[in-house]
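# Summary of structural features
Single-letter residue listing:
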Amino acid sequence: QVQLVESGGGLVQAGGSLRLSCAASGRIYRDNVMVWYRQAPGKQRELVATVTPIGYTNYADSVRGRFAISRDNTKNTVDLRMSSLKPEDTSVYYCAAHVTNNRRVWGQGTQVTVSS
């Protein structure tokens, strides 16, 4: 059964904005750091942003000031608001939960394409 489901990806012009959402099961979401990663063609998967259970955030240097991660602990969702998008942001974006034993639970990803 799917435990993390991303949505909100699509095609956007450079300079535009998108909001990605990740819906998580309660067992995966509760008390876990939630993370957005991305992986572009030919590149390693990279960490984009993290948010702790109480809302502390961290960002990759490449997206700081443009992206914002947040979580709604009532709805068990994690959002990634992206603005000032660049073609370099084109990637599949993955939601993940940092769980016990140094494991990650992954969503299936959502495609973001930024055109110039």
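Starting from 1, residues in each chain are numbered consecutively following that chain's sequence as written. Only residues with pLDDT of at least 70 are given local features in this predicted model, and only at 80 or more are side-chain atom pairs given and counted; all residues enter the totals for whole chains, interfaces and linings. With hydrogens and water stripped out, all remaining heavy atoms of the structure feed into the side-chain values.

## Quick look at the state of the cysteines
In plain terms, the rule: Criterion for a disulfide: a pair of cysteine sulfur atoms at a distance within 2.5 Å. Helical segments are the DSSP runs of H or I of at least four residues, strand segments are the runs of E of at least two, and each set is numbered from the N terminus. The buried label applies to any residue whose accessible area, calculated with a 1.4 Å probe on protein chains only, is under 20% of its type's maximum; exposed applies above 50%, and partly exposed to all values in between.
All told, the structure shown has one disulfide when counted by the stated rule. In this model cysteine 22 forms its disulfide with cysteine 95; the gap between the sulfur atoms is 2.1 Å. Between cysteine 22 and cysteine 95 the sulfur-sulfur dihedral comes to about -80°; the bridge is accordingly left-handed. Here the residue cysteine 22 occupies a position in strand S3 (residues 18-24), and cysteine 95 occupies one in strand S9 (residues 91-99), the gap between them amounting to 73 residues. Look at cysteine 95 and you get buried, because its relative accessible area is 0%.

## Quick word on unusual backbone geometry
Despite not being glycine, aspartate 31 shows a phi value in the positive range, around 65°. Since its relative accessible area comes to 59%, aspartate 31 is described here as exposed.

## Quick look at the packing of aromatic side chains
Condition: Stacked, tilted and edge-to-face pairs are distinguished by plane angle, under 30 degrees for stacked and over 60 for edge-to-face with tilted covering the rest, among Phe, Tyr and Trp rings (Trp via its six-membered ring) whose centres lie within 6.5 Å. A ring has a charge above it when a Lys NZ or an Arg CZ is no more than 6 Å from the ring centre and no more than 35 degrees off the ring normal.
The final tally for this structure, using the stated rule, is two aromatic pairs. Here the aromatic residues Tyr37, Tyr94 and Trp106 are joined through ring pairs into a cluster of three or more. Taking NZ or CZ as reference, arginine 45 lies 5.8 Å from the ring centre of tyrosine 94, over its face. Lying across the ring of tyrosine 29, arginine 71 places its NZ or CZ 4.3 Å from the centre.

## Concerning the pairing of strand S11 (residues 110-115)
Successive side chains on a regular strand alternate, one facing one side of the sheet and the next facing the other. Just so we agree on the cut-off: Strands are treated as partners if at least two bridges between them are detected by DSSP.
Direction of pairing for strand S2 (residues 10-13) relative to S11: parallel, over a ladder of four bridges. In the sheet register, glutamine 13 faces S11, and the bridge partner there is serine 115. When S9 meets S11, the two strands line up antiparallel, connected through three bridges. Bridging across to S11, tyrosine 93 finds its partner in threonine 110.

## Side note on the pattern of salt bridges
So the rule is basically this: Every case where a carboxyl oxygen of Asp or Glu lies within 4 Å of a side-chain nitrogen of Lys or Arg is listed as a salt bridge.
Scanning all chains against the criterion turns up six salt bridges. Of the charged contacts, one joins aspartate 31 and arginine 30 as a salt bridge, the two residues approaching to 3.4 Å between their closest N and O atoms. Overall, arginine 30 belongs to the exposed group, its relative accessible area being 55%. For aspartate 61, the salt bridge goes to arginine 64, with nearest N and O atoms at 2.5 Å. Owing to a relative accessible area of 44%, arginine 64 belongs among the partly exposed residues under this scheme. Linked through salt bridges whose partners overlap, the residues forming this network are Arg38, Glu46, Arg66 and Asp89.

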